[in-house]
Amino acid sequence: MNYIAKAKNYNCVISYLTKILCFEEIGVRIKQIAKDIGGKSINQKILEYLLDLGFSTSKQGTIYLKDCIRIFLLKREEECKVKELFR
């Protein structure tokens, strides 16, 4: 219980699952989390993570950092698709 109480204090914790949940409930919760995350744009997700880490939207550096992360992720995704083609 102490661990859960501590984890809830972090802004980046979306949800938590306990061992006492049945398998069906765990599946439902995971699908809901995936749906919530999947409905956001990549820019929105990155910005939320940066804000959770303490960055400020009023700083131009935060916007540059967000753009750098987005470019890195998109480039990495492209590279993975190319590697998959050659398998």
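Only a predicted model underlies this, so the values are computations on that prediction, with no experimental measurement involved. (Residues numbered from 1 in each chain as written. Predicted model: local features only at pLDDT ≥ 70, side-chain atom pairs only at ≥ 80, totals over all residues. Heavy atoms only, no water.)

With respect to the pattern of salt bridges
Then, number 1: Tallied over the entire structure, the rule returns one salt bridge.
Then, number 2: Here Asp67 ties to Lys66 by a salt bridge, and the two come within 2.9 Å at their closest N and O atoms.
Then, number 3: Relative accessible area serves as the criterion here: at 11%, Lys66 is assigned to the buried category. (Salt bridge = Lys/Arg side-chain N within 4 Å of Asp/Glu carboxyl O. Buried < 20%, exposed > 50% of the residue type's maximum accessible area, 1.4 Å probe, protein only.)

Some words on the confidence of the model for the protein chain
Then, number 1: Within the protein chain, residue pLDDT values average 76, and 70% of them lie at 70 or more.
Then, number 2: Ranking the elements of the protein chain by mean pLDDT puts helix H1 (residues 2-8) last, at 67, and helix H3 (residues 42-52) first, at 84. (pLDDT = per-residue confidence, 0-100. Helix = DSSP H or I, 4+ residues; strand = E, 2+ residues; numbered from the N terminus.)

Examining a nonpolar patch on the surface
Then, number 1: Taken together, the side chains of Ile42, Phe72, Leu73 and Leu74 define a hydrophobic patch exposed on the protein surface, amounting to about 320 Å² of accessible area.
Then, number 2: At three residues, the largest contribution of residues to the nonpolar patch is made by helix H4 (residues 60-85).
Then, number 3: For Ile42, the location among the structural elements is in helix H3. (Patch = residues over 30% accessible without salt bridge, like charges linked within 9 Å, V, L, I, M, F, W, Y side chains within 5 Å. Areas by Shrake-Rupley, 256 points an atom, 1.4 Å probe, with all protein chains shown as cover.)

Some remarks on the environment of Thr62
Then, number 1: Counting through the fold element by element, Thr62 comes out in helix H4.
Then, number 2: The sequence separation of Thr62 and Leu50 amounts to twelve residues, and the corresponding C-alpha distance is 7.6 Å.
Then, number 3: Once residues lying within four places of it in the same chain are set aside, the contact partners of Thr62 are Leu47, Leu50, Phe55 and Ser56. (Contact = heavy atoms within 4.5 Å.)

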